Amino acid sequence: MARITDRTILIVGASSGIGAEVARQLAPGKNRLVITARRAPELARIAEQVRAAGSSCLDIPADALDPRAAADVVAAATREFGSVDIALLNAGDGPDMPIDQVSVADVSRMMALNYDVVVNYLIPLTEQMLRQRDGGLIAHTNSLAGLMGIPRQGPYSAAKAAARTLLDAARVELGPRGIRFTTIHPGFVATERISEDGLPKPFEISEERGARYVIRALEKEPAQAYFPWPTAALVRTLRALPTPLASVILRKLAYP
Ligand SMILES: NC(=O)c1ccc[n+]([C@@H]2O[C@H](COP(=O)([O-])OP(=O)(O)OC[C@H]3O[C@@H](n4cnc5c(N)ncnc54)[C@H](OP(=O)(O)O)[C@@H]3O)[C@@H](O)[C@H]2O)c1
């Protein structure tokens, strides 16, 4: 069981996949969960499971692309439970998107879905956590793809890299005022969303294991968390290699 107990935890993007599984694994810890995403029925189903396992749960259908809706979620969480101790910003999507097959609008949509959603929660959460005596933790489900330009996922890689950079700056600014930031970089996690996207997925891990890694990062609060280790080591190696050599390997991995 997760060691996190008696905390108010907001999970943005909790109706399926990693976010839903994190909510389920945190539920036995008698926490107060606020879960949000767009699909109301899926969210309600996860909320039922969380309550049955021992935590309070407020489910709020909301679109993270709408800044006002995001601010309303933070306000509702605070009204209900008094504070937000931990926020996991997990909404995002990274489909197969070769550059020669996308429109300008597709790329902008990727930026909105993986970067704007972080900004829309970062600002109201910062305002709220600065008011809290114990500050708070803002964690983001980034990706190992955010560490370098991954072929067929360029727009996604770029958006996740932007989010990491933003939170790196926020950490330096707001750390002394009590807000901690953790950026979590998963490799491939076998969620339903990515099961049929056609991308090769070396070293893929299960949803349950992925959620356990995420929760460990919420417990230990490193500035950056990377998992699983084989994919993290692969990315680290590729970054250290000369660009022409790394490009050959990346091309072989993306088009096996
Ligand atoms: N699976 C992987 O291999 C992998 C690897 C690295 C990183 N990640 C990252 O992990 C996170 C979760 O991915 P996943 O694989 O678990 O996929 P998922 O099942 O599709 O989860 C994404 C969650 O975000 C929500 N969401 C999407 N757009 C939203 C919006 N506009 N407003 C509010 N909620 C929104 C979705 O719910 P609704 O559709 O109901 O809104 C869903 O609950 C993503 O940020 C992804 O980039 C995943």
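Residues numbered from 1 in each chain as written. Predicted model: local features only at pLDDT ≥ 70, side-chain atom pairs only at ≥ 80, totals over all residues. Heavy atoms only, no water.

- Going by an unreviewed UniProt entry, the protein chain carries the name SDR family NAD(P)-dependent oxidoreductase and comes from Streptomyces xiangluensis.
- UniProt lists a comment for the protein chain under the heading Sequence similarities (unreviewed entry), and it reads "Belongs to the short-chain dehydrogenases/reductases (SDR) family." (UniProt positions renumbered as here; feature names shortened; annotations may be inferred.)

### Quick word on the pairing of strand β1 (residues 8–12)
Part 1 of the reasoning: Of all five residues in β1, five are buried; the element is thus mostly enclosed.
Part 2 of the reasoning: Taking every second residue as pointing to the same face, both faces of β1 are buried, with Thr8, Leu10 and Val12 on one and Ile9 and Ile11 on the other.
Part 3 of the reasoning: In this structure, β1 lies alongside strand β2 (residues 32–37), joined through five bridges in parallel fashion. Looking across to β2, one finds that Ile11 is bridged to Ile35.
Part 4 of the reasoning: Following the backbone out of β1, through helix α1 (residues 17–26) and into the adjacent parallel β2, one traces a crossover that is right-handed.
Part 5 of the reasoning: Relative to strand β4 (residues 86–89), β1 runs parallel, the two being bridged by four bridges. Bridge pairing links Val12 to Leu89 in β4. (Buried < 20%, exposed > 50% of the residue type's maximum accessible area, 1.4 Å probe, protein only. Helix = DSSP H or I, 4+ residues; strand = E, 2+ residues; numbered from the N terminus. Pairing = 2+ DSSP bridges. Right-handed = clockwise from strand over helix to strand, strands pointing away.)

### Some details on the nonpolar core
Part 1 of the reasoning: Ranked by internal contacts, the top residues of the largest apolar core, which has 33 residues, are Ile11, Val22, Leu33, Ile35 and Ile184.
Part 2 of the reasoning: Those elements that place two or more of their residues in this core are β1, α1, β2, α2 (40–52), β4, β5 (136–141), α6 (207–220) and β7 (224–227).
Part 3 of the reasoning: With residues up to four places along the chain from it excluded, the contact list for Leu33 reads Ile9, Ile11, Ala23, Leu26, Val50, Ser55, Ser56, Cys57, Leu58 and Phe81.
Part 4 of the reasoning: Of all hydrophobic cores here, the second largest spans 30 residues; its members include Ile60, Val74, Ala76 and Ala77. (Core = buried A, V, L, I, M, F, W, Y, C linked by side-chain atoms within 4.5 Å. Contact = heavy atoms within 4.5 Å.)

### A word on the site of the ligand
Part 1 of the reasoning: In the region of the ligand, 28 residues are neighbours, and Ser16, Arg38, Tyr156, Val189 and Arg193 sit closest.
Part 2 of the reasoning: The separation between an oxygen atom of the ligand and a polar main-chain atom of Ala14 is 3.5 Å.
Part 3 of the reasoning: In the environment of the ligand, an oxygen atom lies 2.9 Å from a nitrogen or oxygen atom belonging to the backbone of Asn90.
Part 4 of the reasoning: Looking at side-chain class alone, the shell around the ligand contains twelve nonpolar, eleven polar and five charged residues. (Near = heavy atom within 4 Å. Polar contact = N/O pair within 3.5 Å; in protein donor to acceptor, adjacent residues only side chain to side chain. Nonpolar A, V, L, I, M, F, W, Y, C, P; charged D, E, K, R; others polar.)

### A closer look at the packing of aromatic side chains
Part 1 of the reasoning: Applying the stated rule across the entire model yields one aromatic pair.
Part 2 of the reasoning: Measuring from ring centre to ring centre gives 4.5 Å for Tyr213 and Phe227, while their planes differ by 5 degrees; the resulting arrangement is stacked. On the criterion of sequence distance, the pair formed by Tyr213 in helix α6 and Phe227 in strand β7 is long-range, its members being 14 residues apart.
Part 3 of the reasoning: For Arg236, the ring lying beneath its charged end belongs to Tyr226, and the centroid distance is 5.2 Å. (Phe/Tyr/Trp six-rings, centres within 6.5 Å; stacked < 30°, edge-to-face > 60°. Lys NZ or Arg CZ within 6 Å of the ring centre and 35° of its normal.)

### Side note on the UniProt feature "domain: Ketoreductase" (unreviewed entry) in the protein chain
Part 1 of the reasoning: Mapped onto this numbering, the UniProt entry annotates "domain: Ketoreductase" (unreviewed entry) at residues 7–187.
Part 2 of the reasoning: A distance of 27 Å separates the end C-alpha atoms of residues 7–187, which is 48% helix and 19% strand.

### Structural notes on the pattern of salt bridges
Part 1 of the reasoning: Tallying each qualifying case throughout the model produces 13 salt bridges.
Part 2 of the reasoning: Arg51 is paired through a salt bridge with Asp59; the nearest N and O atoms lie 3.1 Å apart.
Part 3 of the reasoning: Arg152 is the partner of Asp96 in a salt bridge, and the nearest nitrogen-oxygen pair spans 2.7 Å. A residue pair is termed long-range when its members are at least 10 positions apart, and Asp96 in the loop between β4 and α4 (104–131) and Arg152 in the loop between β5 and α5 (154–174) qualify at 56 residues.
Part 4 of the reasoning: Exposure remark for Asp96: the relative accessible area of 28% places this residue in the partly exposed category.
Part 5 of the reasoning: Classification of Arg152 by relative accessible area gives buried; the value is 14%.
Part 6 of the reasoning: Overlapping salt bridges, with partners in common, bring together Asp6, Arg32 and Asp85 in one network. (Salt bridge = Lys/Arg side-chain N within 4 Å of Asp/Glu carboxyl O.)

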